[in-house]
Structure formats: C-alpha cells, structure tokens
Amino acid sequence: MNVAVLASGTGTNLQALLDRVHGRDGVEIVAVASDKPDAPALDRARRAGVATASFLAADYPRRPARDRAMADWLIGGGVELVVLAGYMQLLSAEFLERFPDRVINVHPALLPAFPGLRPVDDALAYGVKVFGVTVHFVDGGVDSGPVILQRAVELPDARDPASVLDRLHPIEHELLPEAVRLLARGAVSFDPANRRRVVIER
Ligand code: GAR
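Conventions we followed
Residues numbered from 1 in each chain as written. Predicted model: local features only at pLDDT ≥ 70, side-chain atom pairs only at ≥ 80, totals over all residues. Heavy atoms only, no water. Near = heavy atom within 4 Å. Polar contact = N/O pair within 3.5 Å; in protein donor to acceptor, adjacent residues only side chain to side chain. Areas by Shrake-Rupley, 256 points an atom, 1.4 Å probe, with all protein chains shown as cover. Helix = DSSP H or I, 4+ residues; strand = E, 2+ residues; numbered from the N terminus. Nonpolar A, V, L, I, M, F, W, Y, C, P; charged D, E, K, R; others polar. Buried < 20%, exposed > 50% of the residue type's maximum accessible area, 1.4 Å probe, protein only. Contact = heavy atoms within 4.5 Å. Pairing = 2+ DSSP bridges. Axes fitted to C-alpha atoms, helices over the stretch in contact; angles between N-to-C directions. Arc of directions from axis to C-beta.

Asks: Break down the site of the ligand for me, citing the residues and quoting the values.
Replies: Of all residues adjacent to the ligand, which total 13 residues, the nearest are Gly11, Thr12, Asn13, His107 and Glu172. Here an oxygen atom of the ligand sits 2.7 Å away from a polar atom, N or O, in the main chain of Gly11. At 2.4 Å from an oxygen atom of the ligand is found a side-chain nitrogen or oxygen belonging to Glu172. In isolation the ligand offers 450 Å² of accessible surface; the protein chains occlude 90% of this area. The set of elements that each furnish at least two residues to the shell around the ligand consists of α1 (12–20), β5 (103–107) and α6 (161–184). Along the lines of polarity and charge, the residues of the shell around the ligand split into 3 nonpolar, 9 polar and 1 charged.

Asks: Any details on the environment of Glu94? Residues and values, ideally.
Replies: Turning to its location among the elements, Glu94 is positioned in helix α4 (residues 93–98). Among the residues examined, Glu94 registers a relative accessible area of 32% and is labelled partly exposed. Counting along the chain gives 32 residues from Glu94 to Arg62, while the straight-line C-alpha distance between them is 12 Å. Dropping the residues within four chain positions of it, Glu94 is found in contact with Pro64 and Arg68.

Asks: Which residues make up the pairing of strand β6 (residues 130–137), and what values go with them?
Replies: Looking along a regular strand, one sees side chains alternate from face to face of the sheet. Extensive coverage of β6 is indicated by the burial of 7 of its 8 residues. Sheet topology note: the β5/β6 ladder contains 4 bridges and is antiparallel. The partner of Asn105 across the bridge, within β6, is His136. Here β6 runs beside strand β7 (residues 147–154); their pairing, made up of 7 bridges, is antiparallel. Note on β7: the bridge partner recorded for His136 is Val147.

Asks: Which residues make up the sheet that holds β5, and what values go with them?
Replies: Strand order in the open sheet made by the 7 strands is β3-β2-β1-β4-β5-β6-β7, with mixed pairing throughout. Single-partner strands in this sheet number two, and they are β3 (51–54) and β7. Mean inter-strand twist for the sheet, computed between neighbouring axes without regard to direction, equals 20°. The sheet contact formed by strand β2 (residues 28–34) and β3 spans 4 bridges and is parallel. Following the sheet pairing, Ala33 is matched in β3 by Ala53. Sitting on the sheet, helix α2 (residues 40–47) touches β2 and β3, and the angle it makes with β3 is about 155°.

Asks: Just give me the short version of α2, but keep the residues and values in it.
Replies: All buried positions along α2 are accounted for by Ala41, Leu42, Arg44 and Ala45. Down the axis of α2, the buried set is contained in an arc of 155°. They therefore lie on one face. Contacts made by the buried residues of α2 are with α1, β2 and β3. Looking at the residues trailing α2, positive phi occurs at Gly49, about 75°.

Following this line, the structure appears as structure tokens:
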C-alpha cells in the first residue's frame with residue numbers, strides 16, 4: 001500500500017512510520033507533503049529518499065484550491081492512504097472526497113475529549129487524570145471521525161504540557177505505525193450496523 005504523510009512540524013511520527021513500517025508489511029511511504037516549507041519533517045523524508053512537496057497557504061487564495069493541488073500530486077504518485085502526522089490544517093471536502101475512508105490522523109488525546117489544536121493544554125486545564133492517544137479516520141469535522149485505535153495513560157499528577165507530551169509521543173509512535181500496518185493488511189473495516197464503529201480483525 002502506497003502511503004503519503006502530511007506533516008507540519010518536527011515529524012517524529014513520520015520518523016516512526018519510516019523506521020517501523022516503511023518497506024515492510026506491504027507498506028511503502030511514497031510521498032511527504034507539508035504546509036510549511038521548512039518543516040523538519042520534510043528533511044526526515046528527504047533523508048529517507050521519499051518525495052516531498054510543500055503546499056503553502058500563501059500560494060493559494062482558497063484552501064480547496066491548495067487541497068486540490070495536493071490531492072493531484074498525491075494521486076499522481078499512486079498514493080492509496082494519507083496519514084496526518086502533526087498536520088495542523090483542516091482538509092477540505094474536496095480533498096477528502098478524493099480519498100474516501102483513506103485519510104487517518106493521530107491526535108494526542110482520548111477523543112471525543114479534547115479535539116482541536118491544544119488538546120494537552122485543554123486536558124490539563126480540565127484536570128483530567130487519564131491522558132491518551134487516538135488514531136482515527138478523518139471526516140469533515142475537527143478530530144471527529146471514527147476511532148481506529150486508542151491507548152490511555154494515567155498521569156494523575158500531571159501539570160506541564162511538555163512532560164505529558166513526552167509520555168504520549170512513544171505511544172503515538174507505536175499506535176500510528178500499527179494502524180497503518182492494519183490498514184495495509186485489510187484488517188480494518190466499518191461495522192455495517194454503525195459505521196462509527198471500526199472493527200479490527202486481529
Ligand atoms: C503529535 O503529538 C500529534 O499527535 C499532534 O501533533 C504532534 C506532531 O508531532 N497532532 C495534533 O495535535 C493534531 N490535532 P511530530 O511532528 O513530532 O510527529
């Protein structure tokens with residue numbers, strides 16, 4: 001399965017995908033795109049010999065036009081699954097229609113709690129004792145698509161976002177490659193009685 005990764009930042013999740021599934025288990029990472037031309041994620045992709053491209057908001061007056069250009073580039077590269085790994089932009093319907101049920105995201109919270117851009121700060125402000133990671137399908141909403149994998153971690157004394165993220169990152173680096181592996185194996189489906197429920201065949 002040809003996989004593309006979209007990333008806006010450091011790209012540790014991209015690195016986990018490169019290290020743990022790329023070239024194995026039927027998975028090939030063939031493209032990495034970003035909305036930030038200087039994202040360290042792009043350097044990681046180049047070092048791994050993966051094609052890269054940047055699609056900047058400044059170059060496109062409207063987001064659907066940018067997303068259309070990005071989808072064209074990905075489809076031209078034979079991409080079958082799009083993985084958002086710290087991609088901090090919403091994707092328009094025009095993009096999602098090109099990859100039906102083929103866009104997934106990793107989010108550092110136990111959805112549906114704390115969607116959005118500052119999930120760990122929001123969870124700390126709420127005072128939760130259990131944090132976690134969700135890998136989910138992307139739909140037209142904000143972090144609202146069907147859940148593929150989740151894992152929780154109890155941090156009853158957490159105070160500081162950076163130390164929570166330090167605990168969540170290794171979980172992300174396991175769950176995201178695992179989700180990609182499962183999708184490549186065809187082991188992920190929707191319960192026909194309730195398409196919110198993702199069924200994993202282990
Ligand atoms: C990850 O923690 C990911 O869960 C988060 O951005 C970080 C990217 O880290 N994504 C979101 O918050 C999306 N709503 P990375 O660049 O080191 O992979």
